[in-house]
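Residue-level structure breakdown
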Number of protein chains: 2
Amino acid sequence: MSTPQGFSTYATTAGIKASGNPDMALIINNGPRYDAAAVFSRNKVVASPLKLTRKHVADGVLRAVLFNSGNANACNGAQGDVDAVASVEAVAQQLGCATTDVAACSTGLIGDVLPMDTIHAGIDAMCAAATATTPTAGAQLHVNEGQDAAAQAIMTTDTVPKQAHSDGAGFRVSGIGKGVGMMAPSLATMLVTVMTDAVATPEALSNALNSAAFTTFNTLDIDGATSTNDTVIVMASGASGVEPSQEELNRTIHAVCASLADQMQADAEGVTKRVRVEVTGTTTDDMAVEAARTVARDNLFKCAMFGSDPNWGRVLAAVGMAPADMDPDNISVSFNGHTVCRHTTGTPDARAVDLSGTDISVVIDLGTGGSGRGFVRTTDLSHSYVEINSAYST
Amino acid sequence: MSTPQGFSTYATTAGIKASGNPDMALIINNGPRYDAAAVFSRNKVVASPLKLTRKHVADGVLRAVLFNSGNANACNGAQGDVDAVASVEAVAQQLGCATTDVAACSTGLIGDVLPMDTIHAGIDAMCAAATATTPTAGAQLHVNEGQDAAAQAIMTTDTVPKQAHSDGAGFRVSGIGKGVGMMAPSLATMLVTVMTDAVATPEALSNALNSAAFTTFNTLDIDGATSTNDTVIVMASGASGVEPSQEELNRTIHAVCASLADQMQADAEGVTKRVRVEVTGTTTDDMAVEAARTVARDNLFKCAMFGSDPNWGRVLAAVGMAPADMDPDNISVSFNGHTVCRHTTGTPDARAVDLSGTDISVVIDLGTGGSGRGFVRTTDLSHSYVEINSAYST
């Protein structure tokens, strides 16, 4: 996939991952404008690169984003902060920009100190390719250009790279993302960078990103876990010379975020089902989303989905614990459009509904007559999920 | 195990379960006193027997408790309420007591109407045995007397029956329980009945039960799910003639509840590890319990425990989302007494800690210096959990 005008992307295999797979990437905004915005994990425990990026994007300007996979640089104390700063300093020096205009994103195991010699070799090789100079170190590292290579290099347990694009009138929006497991209320080990050659202020970008995240990344809840590293960055180079309306910018950025969120849901660790849980009939939209999330996180419900089991009783048992207004005697549930429960009572053919397909739709009406409505996208809980997540760090 | 004086217990195989295992039980308090108290599920969606029992125990008097396994009688609408009432009416009539002095507890699949002919046959057989009369129906059903048989008959996916006793000075406390999966903040498909021959008012029993539940059943959080049927009943016959102090009553009832909770944790569906998560160093005890619960419910953490993987980073990622005061840069974690993280940073040998045993202790200090402290008992997330829970209703 080609990047919007004004951006160049690089990737390399520095050697952070034991697997020998690509593990570093660099996205450079060559301008003429350097507008940026970002959203982050809501976790109280956050990684060093997240803290750094949050600070560096605060003024609405970013020139480059440095990525590494295979190491989250989280929970490494003061050393983690020092290493994150040293990494972006090296990039800034070689690209000739301010350190505070470089962001950093890391993903991988928590609690291992970054191998800085390896990191520096990767940075030197990618910056040399970007500036067409001879690398001062890491001369042996092969650098791949292009968005495809960057999307590959940020993968961890992802099975496929994730990219999306959307064309506006005279401008282009494109994005790469990774994320498969720890996705929850606010993203969780999800790294996304969206690039556009539109002319857009940081405020316009922030507006578009926040509204897109609300209905895309924030509706993903795979396992209830929320990462220390989630970061979604949007950058605008202005290279197309076209300044779209806020509405047009929102539409195109939303399209890219929605596609990336879909790809993440489909590639979630060990997933065999994609499940959309929608809630209606409660007081507010927030209550509806919270109720959908409560069901989406319920392991008994998730196991039933894995077994293609239309066990609607588990939906009721789960939703009854949700912090949402409901009439406990007037709850309805449908699976794939078939009503399986009405007035909190099963329908005659409820247990015969076919859930053998990959996509399952669950709609729950909480029976208050309220207009609150919301949804969450989740997955089943499978043997593979347990397998993948029971042997990670050792 | 023998029941305290004044109680008699019966069990039979009425035929509710397809497996042909015992599925009904009856506990009768023969007095001279009939004091009782109970605690229930906090779910908003509750089963018909729970609604009935909540009403019948409100006056502090119970003569008998009727149990069935294999069918939860939950989410069956008005029919469920009618059936629950009809069941306890039949018991009351045959025992010669008020309908409102009989409680009902059901456990099993949600959403199937009770097979009332089968239920009545079971009731008739058990009441005939209790009153030494000829049963009006169900003459073919064999009835077993004694607490062991009752503990067997209330099992669902439990692999072992659960009983406990504690002796006070001149009185005895004994209990039966079932519960393996849906245990959470407030019990979840946990049925427990505690009997004592002590002299105790409903207020004294309620005091003892609430204080015991707080540190026993309510600290169990196996999978975050909370049932529609959870009921814990305590009944006192006064047959010993001994009226213990509140402290003595609390101690003995706590001992029985603690043992039953231990047995439930050990028998949780698909469990291979028993994990105790303790939190210190936050502002209040409630915050500490909520933080422990947040970690105990985190699937990535639970999978790591299954894999005996000392992946402390997942503890930090999970606890960072807890609604508790913490210093994100000063969190400490220990596994089995070994400090694996200090000042939110891994210790050198953290990944070498041996978690291969069945019991794992996790202690998390949130670093605020506050005196809040609490714990939750949970289990790992195993292949067997997924297996058991992905094929239940169909």
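Residues numbered from 1 in each chain as written. Chains lettered and ligands numbered in written order. Predicted model: local features only at pLDDT ≥ 70, side-chain atom pairs only at ≥ 80, totals over all residues. Heavy atoms only, no water.

The name given to chain A in an unreviewed UniProt entry is Arginine biosynthesis bifunctional protein ArgJ, and the organism recorded there is Corynebacterium argentoratense DSM 44202.

1. Points about the overall build of chain A
Counting its regular elements, chain A contains 10 helices and 16 strands. In terms of overall dimensions, chain A is globule-like: its C-alpha atoms have a radius of gyration of 22 Å, near the 21 Å expected for 394 residues. Reported as C-alpha extents along the three principal axes, the dimensions of chain A are approximately 75 × 50 × 35 Å. Sorting the 394 residues of chain A into buried and exposed places 61% on the buried side. (Helix = DSSP H or I, 4+ residues; strand = E, 2+ residues; numbered from the N terminus. Rg over C-alpha atoms; globule rule 2.2 N^0.38 Å. Buried < 20%, exposed > 50% of the residue type's maximum accessible area, 1.4 Å probe, protein only.)

2. Side note on the interface of chain B and chain A
Of the residues lining the interface, 56 residues belong to chain B; the matching set on chain A comes to 56 residues. The largest contributions to the chain B side of the interface with chain A come from K44, L300 and R351 of chain B, which together make up 14% of the buried area. Between chain B and chain A we count four salt bridges in total. The shortest N-O distance in the salt bridge between D112 of chain B and R351 of chain A comes to 3.3 Å. On the surface where chain B and chain A come into contact, there are 14 residue pairs in polar contact (both at pLDDT 80 or more). Of all the elements in the fold, those that place two or more residues in the side of chain B that touches chain A are α8 (299-306), α9 (312-319), β14 (345-346) and α10 (383-389) of chain B. Its residues assigned to classes, the side of chain B that touches chain A comprises 25 nonpolar, 20 polar and 11 charged. (Contact = heavy atoms within 4.5 Å. Buried area = accessible area lost by both parts, 1.4 Å probe. Salt bridge = Lys/Arg side-chain N within 4 Å of Asp/Glu carboxyl O. Polar contact = N/O pair within 3.5 Å; in protein donor to acceptor, adjacent residues only side chain to side chain. Nonpolar A, V, L, I, M, F, W, Y, C, P; charged D, E, K, R; others polar.)

3. Observations regarding the packing of aromatic side chains
Scanning all chains against the criterion turns up zero aromatic pairs over all chains. The positively charged end of R63 of chain A is found above the aromatic ring belonging to Y34 of chain A, 4.0 Å away from the centroid. (Phe/Tyr/Trp six-rings, centres within 6.5 Å; stacked < 30°, edge-to-face > 60°. Lys NZ or Arg CZ within 6 Å of the ring centre and 35° of its normal.)

4. Regarding the domain arrangement of chain A
All names here are of chain A. Assigned domains of chain A: these are domain 1 (7-267) and domain 2 (274-389). Look at where the C-alpha atoms of domain 1 and domain 2 centre, and you get two points 34 Å apart. Counting residues at the interface gives 15 residues for domain 1 and 11 residues for domain 2. Both faces considered, domain 1 and domain 2 share a buried interface measuring about 1,200 Å² in area, 45% of it formed by carbon and sulfur atoms. Taken together, the links from domain 1 to domain 2 amount to one salt bridge. Of the charged contacts, one joins R377 and D262 as a salt bridge, the two residues approaching to 2.6 Å between their closest N and O atoms. The interface formed by domain 1 and domain 2 includes four residue pairs in polar contact (both at pLDDT 80 or more). Examining the composition of the side of domain 1 that touches domain 2, we find that four residues originate from one element, helix α6 (residues 246-266), more than from any other. Here the residues of the side of domain 1 that touches domain 2 sort into six nonpolar, six polar and three charged. (Domains from an automatic or database assignment.)

5. Concerning the confidence of the model for chain A
Residues and elements named next belong to chain A. For chain A, the mean per-residue pLDDT works out to 90, and 94% of the residues sit at or above 70. Least confident of the elements in chain A is helix α10 (residues 383-390), whose mean pLDDT is 77; most confident is strand β2 (residues 24-29), at 98. For the stretch residues 181-188, pLDDT sits under 50, and the model shows 50 contacts to residues farther than four places along the chain or on other chains. Two numbers describe this predicted complex: its pTM, 0.80, and its ipTM, 0.79. (pLDDT = per-residue confidence, 0-100.)

6. Re the relation of the copies chain B and chain A
Aligned on chain A, chain B shows an RMSD of 0.1 Å; the corresponding rotation is 180° and the shift along the axis is 0.0 Å. Seen this way, the second copy is the image of the first under a two-fold rotation axis. Every residue of chain B has its C-alpha some distance from the rotation axis, and the shortest such distance is that of H383 of chain B, at 2.8 Å. Comparing interface residues between copies, 100% of those in chain B also lie at the interface in chain A; the contact surface is shared. (Least-squares fit on C-alpha atoms with pLDDT ≥ 70 in both.)

7. Things to note about the side chain of D124 of chain A
Residue and element names in this part refer to chain A. With respect to the secondary-structure elements, D124 resides in helix α3 (residues 116-131). One buried charged residue, D124, remains without a salt bridge, the closest side chain of opposite sign being R63 at 17 Å. Of note is the side chain of D124, whose polar atom sits 2.7 Å from the side chain of Q94. (Lys, Arg positive; Asp, Glu negative; His and termini not counted.)

8. So, the side chain of K162 of chain B
For K162 of chain B, the location among the structural elements is in strand β7 (residues 162-167). Of note is the side chain of K162 of chain B, whose polar atom sits 2.7 Å from the side chain of D267 of chain B.

9. Some points on the nonpolar core
If you look at the biggest cluster of nonpolar residues, it comprises 41 residues, and the most contacted ones within it are V333, F335 and I364 of chain B. For this core, the secondary structure elements donating two or more residues are β11 (274-281), α7 (285-296), α8, α9, β12 (332-335), β13 (338-342) and β15 (359-365) of chain B. Looking at this core element by element, the count peaks at seven residues for α7 of chain B. Not counting residues up to four positions away in its chain, the partners in contact with F335 of chain B are M305, P310, N311, W312, V315, V340, V353, L355, S361 and V362 of chain B. In this structure, V275, F335 and L355 of chain A together with A47 of chain B belong to the second largest nonpolar core, which totals 40 residues. (Core = buried A, V, L, I, M, F, W, Y, C linked by side-chain atoms within 4.5 Å.)

10. Re the pairing of strand β8 (residues 172-178) of chain A
Residues and elements named next belong to chain A. Burial within β8 is extensive, with seven of its seven residues counted as buried. Here β8 shows two buried faces, one formed by R172, S174, I176 and K178 and the other by V173, G175 and G177. Of the strand pairs in this sheet, strand β7 (residues 162-167) and β8 are connected by six bridges, and their pairing is antiparallel. Looking at the pairing, K162 lines up with G177 of β8. Taking the residues between adjacent antiparallel strands as the criterion, β7 and β8 are bridged by four residues, where G170 takes a positive phi near 90°. Taken together, the six bridges between β8 and strand β9 (residues 191-196) define a ladder with antiparallel strand orientation. Residue V173 lies in a different strand from β9, and its bridge partner there is T196. (Pairing = 2+ DSSP bridges.)

11. Considering the pattern of salt bridges
Applying the stated criterion across every chain, the model contains 26 salt bridges over all chains. When the shortest N-O distance is used, the salt bridge between D329 of chain B and K51 of chain A registers 3.9 Å. A residue pair is termed interchain when its members come from two chains, as with D329 of chain B in the loop between α9 and β12 and K51 of chain A in helix α1 (residues 48-56). Taken together, the shared-partner salt bridges in this structure form one network comprising K51 and D81 of chain A together with D329 of chain B.

12. Looking at the packing of α7 of chain B against α9 of chain B
All names here are of chain B. Two elements in contact, α7 and α9, have axes separated by 8 Å at closest approach and are oriented at 125°. Considering their axes alone, α7 and α9 lie oblique with respect to each other. Our pair here, α7 against α9, has a crossing hand that is right-handed. In this structure, α7 contributes A291, T294 and V295 to the contact, and α9 contributes V315, A318 and V319. In terms of residue class, the contact of α7 with α9 is made up of five nonpolar, one polar and no charged. (Axes fitted to C-alpha atoms, helices over the stretch in contact; angles between N-to-C directions. Parallel < 35°, antiparallel > 145°, perpendicular 65-115°, else oblique. Left-handed = near helix turned anticlockwise from the far one by under 90°.)

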